[in-house]
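# Structural characterization, general
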Amino acid sequence: MTTLDATRAELALLVLYLNKAEARDKICRAIQYGSKFLSNGEPGTAANVDKSTSLARKVFRLFKFVNDLHALISPVPQGTPLPIVVLGKSKNALISTFLFLDQIVWLGRTGIYKNKERADLLGRISLFCWMGSSVCSTLAELGELGRLSSSMKKIEKDLKSSEKYQNEEYKAKLKQSNARTLALVKSAIDVFVAIGLLQLAPKKVTPRVTGALGFTTSLISCYQLLPSPVKSKTT
């Protein structure tokens, strides 16, 4: 593969990435929370970018609640422990509710829905749902990491320490473990982002802290959505 071919392949992956609505949403999310960090809750250009980007993101998420509603009623993998099943389904229910209520918030901010007080109340309820879904996700990832750790230890018993990284099953589980660890970090941080948005601890989780944490989890989400890199061979 020539350098030009490799460049074309990389650009094709970038186009594929940017064509994802979810990827564009997370890029906008990074801009939103980066602006929140810069504004620190004070009026100005950064605060305007924060508000306008937040409103734009709500359009990306129209009818997205159907995805988690489908996941809620879908069967779970056989052998999944009941506590993890309950946490996973609770997460789906809460995030689906959050996304549905967020549509009403969007209608309120655009002026289509005239009852501002009710729209604000529903917006606050939706944030509590998102915080709850992040808590459920954190606990579920902890449970899944525990299961992975146990299965990896069983493989290690049958293999020498130097051989485990040559074992395909072990490598697959290690990859899963790394992905779930990253998801755990993201969901745990998002709990504090929700606390900041709800102003449950305004002195500790300030708008600047909320912006920094939200920007961090946005970058993690962008990374999670990256396509597999192209393996190039120069001639």
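On a predicted model such as this, the values are computed, not experimentally measured, just so you know. Here the residue numbering is sequential within each chain, running from 1 through the sequence in written order. For a predicted model such as this one, the threshold for reporting local features is a pLDDT of at least 70, and the threshold for listing and counting side-chain atom pairs is 80 or more; totals across whole chains, interfaces and linings nevertheless cover every residue. Where side-chain values are given, they derive from all heavy atoms of the structure, hydrogens and water being excluded.

### Some words on the overall build of the protein
- Comment: elements are numbered from the N terminus, with helices defined as DSSP H or I runs of at least four residues and strands as E runs of at least two. Counting its regular elements, the protein contains eight helices and zero strands.
- Counting helices and strands in the order they occur from the N terminus, the protein gives α-α-α-α-α-α-α-α.
- Projected onto the principal axes, the alpha-carbon positions of the protein cover approximately 65 × 50 × 35 Å.
- The cut-offs for exposure are 20% and 50% of the maximum accessible area for each residue type, with area from a 1.4 Å probe on protein chains only; residues under the lower value are buried, those over the upper are exposed, and the others partly exposed. Looking at the protein residue by residue over its 235 residues, the buried ones come to 38%.
- A sequence separation of at least 24 residues applies to 75% of the contacts in the protein between residues at least 6 apart.
- Positive charges come from Lys and Arg, negative ones from Asp and Glu, while His and the chain ends are left out of the count. All charge positions are set by atom: Lys at NZ, Arg at CZ, Asp at CG, Glu at CD. Each charge class in the protein can be summarised by its mean position, and for the 34 positive and 18 negative side chains these summaries are 3 Å apart. In what follows, residue pairs with any heavy atoms lying within 4.5 Å of each other are defined as contacts.

### Some points on the confidence of the model for the protein
- In the predicted model, the protein carries a mean pLDDT of 89, and the fraction of residues at 70 or more is 95%.
- For the protein, helix H1 (residues 3-18) is the element with the lowest average pLDDT, namely 79, and helix H8 (residues 207-224) is the one with the highest, namely 96. A residue's pLDDT is simply how confident the predictor is in it, with values from 0 to 100.

### What about the packing of aromatic side chains?
- Two aromatic rings from Phe, Tyr or Trp, using only the six-membered ring of Trp, form a pair when their centres are within 6.5 Å; if the ring planes differ by under 30 degrees the pair is stacked, by over 60 it is edge-to-face, and anything between is tilted. For the structure shown, the criterion picks out two aromatic pairs.
- Consider the rings of phenylalanine 65 and phenylalanine 100, whose centres lie 5.3 Å apart with planes at 75°: the pair is edge-to-face. Of this pair, phenylalanine 65 sits in helix H4 (residues 65-73) while phenylalanine 100 sits in helix H5 (residues 82-110), and the two are 35 residues apart along the sequence.
- Judged by its relative accessible area of 41%, phenylalanine 100 falls in the partly exposed class.
- Here the basic side chain of arginine 208 rests over the ring of phenylalanine 37, its NZ or CZ set 5.1 Å away from the ring centre. Working rule: Lys NZ or Arg CZ, within 6 Å of ring centre, within 35 degrees of ring normal, means a charge sits over the ring.

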